[in-house]
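Single-letter residue listing:
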Amino acid sequence: MRRALVAANWKMHGNRIFIQELVSGLIPALSGGVNGVDIVICPPFPYLQMVDSLIKGTEIVLGAQDVGAHESGPYTGEVSASMLADFRVRYVIVGHSERRSLMNECDQHVAEKFVAAQQSGLIPVLCVGETLAERDQGIAGQVVERQLSAVIDQAGVTGFSRAVIAYEPVWAIGTGRSASVEQAQEMHAAIRQLIALQDDEVAQSVQIIYGGSVNPENAPALFAQPDIDGGLIGGASLNADSFVRICQSVS
Ligand code: PGA
């Protein structure tokens, strides 16, 4: 039986006071954990240490929103996986569609980040997903397959035994337009099937979470699907009550 995972991706939002209040709002409901759910919070880099101290002693764990592909060196502005591990970060998002599109991160670069994260003991949360144009062209499955294959080429399929996959259709991110339960389940099942072709054990154990306009209202039906193991939550994770309700809606 797979555990569920719900991760908050705060993106580039917040400041010291906002984040302190947000985490304080989460702790009463989430500090002891929610049955069967891994709860991860991904603040912007400068707030990692602050959030780490606020969640100390709770069941909430720390994640980061990105990681550099290199271990160290002349890469101004980059943050390495070992640096994140040094700050007790356990998970790191790689290949978020905002980075793929705004920062021109290609599949191979995302795969390098995936490998770098694992080499430092972090659990990568690999984001995959198609744009609206790609869905309209009927190539959503091919796009997701290409994104996954790039990682399998570098990490091997067993790389997914220590990773999370987040299916995030680009057209559903921050738009208020979530994928339908059927669309999401269909892609999640296809992803699991793709991995099963190479390793069924890995396919059955990997957590595949959904992201894209998840809110407390649509979360229960999404999370009830057999291949949807939780969510990557953007906008709704900036409100403590919403995020708590989403975590609690895992059945
Ligand atoms: P959203 O973002 O929940 O605001 O759509 C999800 C994400 O980008 O991870």
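One can find the structure itself at the top, above this paragraph.
Residues numbered from 1 in each chain as written. Predicted model: local features only at pLDDT ≥ 70, side-chain atom pairs only at ≥ 80, totals over all residues. Heavy atoms only, no water.

Participant: Run through helix α8 (residues 181–196), naming residues and quoting values.
Facilitator: Here α8 contains 16 residues, and its C-alpha end-to-end distance of 22 Å stays within 8% of the 22 Å for a straight helix at 1.5 Å per residue. Considered for burial, the residues of α8 that qualify are Ala184, Gln185, Met187, His188, Ile191, Arg192, Leu194 and Ile195. (Helix = DSSP H or I, 4+ residues; strand = E, 2+ residues; numbered from the N terminus. Expected span 1.5 Å × (residues − 1). Buried < 20%, exposed > 50% of the residue type's maximum accessible area, 1.4 Å probe, protein only.)

Participant: Which residues make up the site of the ligand, and what are the values?
Facilitator: Around the ligand lies a shell of 13 residues, among which Lys11, His96, Glu168, Gly174 and Ser213 are the nearest. In this structure, serine 213 approaches the ligand through a main-chain N or O atom, which is 2.7 Å from an oxygen atom. Between an oxygen atom of the ligand and a main-chain N or O atom of glycine 235, the distance comes to 2.8 Å. The fraction of the free accessible surface of the ligand (280 Å²) that becomes covered by protein chains is 96%. In terms of residue class, the shell around the ligand is made up of four nonpolar, seven polar and two charged. (Near = heavy atom within 4 Å. Polar contact = N/O pair within 3.5 Å; in protein donor to acceptor, adjacent residues only side chain to side chain. Areas by Shrake-Rupley, 256 points an atom, 1.4 Å probe, with all protein chains shown as cover. Nonpolar A, V, L, I, M, F, W, Y, C, P; charged D, E, K, R; others polar.)

Participant: Help me get a handle on unusual backbone geometry, residues and values and all.
Facilitator: Although it is not a glycine, asparagine 104 adopts a positive phi angle of roughly 55 degrees. Locating asparagine 104 in the fold gives a position in the loop between α4 (97–102) and α5 (107–119). With relative accessibility at 65%, the residue asparagine 104 sits in the exposed group.

Participant: If you had to explain the pattern of salt bridges to someone new, which residues and values would you point to?
Facilitator: A pair can form between side chains of opposite charge whenever their charged atoms are brought close. Within the structure shown, the criterion is met by 15 salt bridges. Across the salt bridge formed by glutamate 105 and arginine 99, the nearest N and O atoms sit 2.8 Å from each other. In this structure arginine 99 comes out as partly exposed when scored by relative accessible area, which is 24%. Members of the salt-bridge network, linked through shared partners, are Arg2, Arg192, Asp227 and Asp229. (Salt bridge = Lys/Arg side-chain N within 4 Å of Asp/Glu carboxyl O.)

Participant: Which residues make up the environment of arginine 192, and what values go with them?
Facilitator: One can find arginine 192 in helix α8. Under the relative-accessibility criterion, arginine 192 is labelled buried at 4%. Those residues within four positions of arginine 192 in sequence are excluded, and the remaining contacts are Arg2, Ala203, Gln204, Val206, Ile208, Asp227 and Asp229. A polar contact of 2.9 Å, which involves the side chain of arginine 192, links it to the backbone oxygen of valine 206. (Contact = heavy atoms within 4.5 Å.)

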